[in-house]
Amino acid sequence: MGEKKCPNCGKWSKWTQDLQDVCEHCGNELSLKEKENIKRMESHIQDREENWMFYIKETDPSWLVYLKKTGNFFYTIFMAIISFILWLVAAFPG
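Since this is a predicted model, take the numbers as computed values, not measurements.

(A) Structural context of the overall build of the protein chain. Within the protein chain, the secondary structure is distributed over 2 helices and 2 strands. The C-alpha radius of gyration of the protein chain comes to 23 Å, more than 25% above the 12 Å expected for a compact globule of 94 residues. With the principal axes as the frame, the protein chain shows a C-alpha extent of 60 × 50 × 15 Å. Relative to its full complement of 94 residues, the protein chain shows a buried share of 15%. Long-range contacts, defined as pairs at least 24 residues apart, comprise 6% of the intrachain contacts of the protein chain with a sequence gap of at least 6. Within the protein chain, the 13 negative side-chain charges are centred at a point lying 4 Å from the centre of the 12 positive side-chain charges.

This is the structure in structure tokens:
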């Protein structure tokens, strides 16, 4: 357990590193910045997933879903082969 300075009133409050902790003096949340960062990261991750070329939308027809799943399968195999080659290149000289 520690203490954290309240962003609202500027006084020190007990803090258990929980996002739900509130200030003992003014009652405001102590982790507003952390919550904003988590929301921003989640929205960024969601945007990246939706922009992926093999992202399957609910509105995609079945033939397109099949093509995207096939493309994702071959992409995974390709990346595995490339990763193995890079591992070989890094492992043998050392």
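(B) Region of the structure containing helix 2 (residues 62-91). With 30 residues, helix 2 extends 43 Å between its outermost C-alpha atoms, agreeing within 8% with the 44 Å of an ideal straight helix rising 1.5 Å per residue. Listing the buried residues of helix 2 in full gives V65, K68 and G71.

(C) Here's a closer look at unusual backbone geometry. Although it is not a glycine, Q17 sits at a positive phi angle of roughly 65°. Looking at the element boundaries, Q17 is found in the loop between strand 2 (12-15) and helix 1 (32-51).

Cut-offs and rules
Residues numbered from 1 in each chain as written. Predicted model: local features only at pLDDT ≥ 70, side-chain atom pairs only at ≥ 80, totals over all residues. Heavy atoms only, no water. Helix = DSSP H or I, 4+ residues; strand = E, 2+ residues; numbered from the N terminus. Rg over C-alpha atoms; globule rule 2.2 N^0.38 Å. Buried < 20%, exposed > 50% of the residue type's maximum accessible area, 1.4 Å probe, protein only. Contact = heavy atoms within 4.5 Å. Lys, Arg positive; Asp, Glu negative; His and termini not counted. Charge placed at Lys NZ, Arg CZ, Asp CG, Glu CD. Expected span 1.5 Å × (residues − 1).

These figures capture arrangement, not role.
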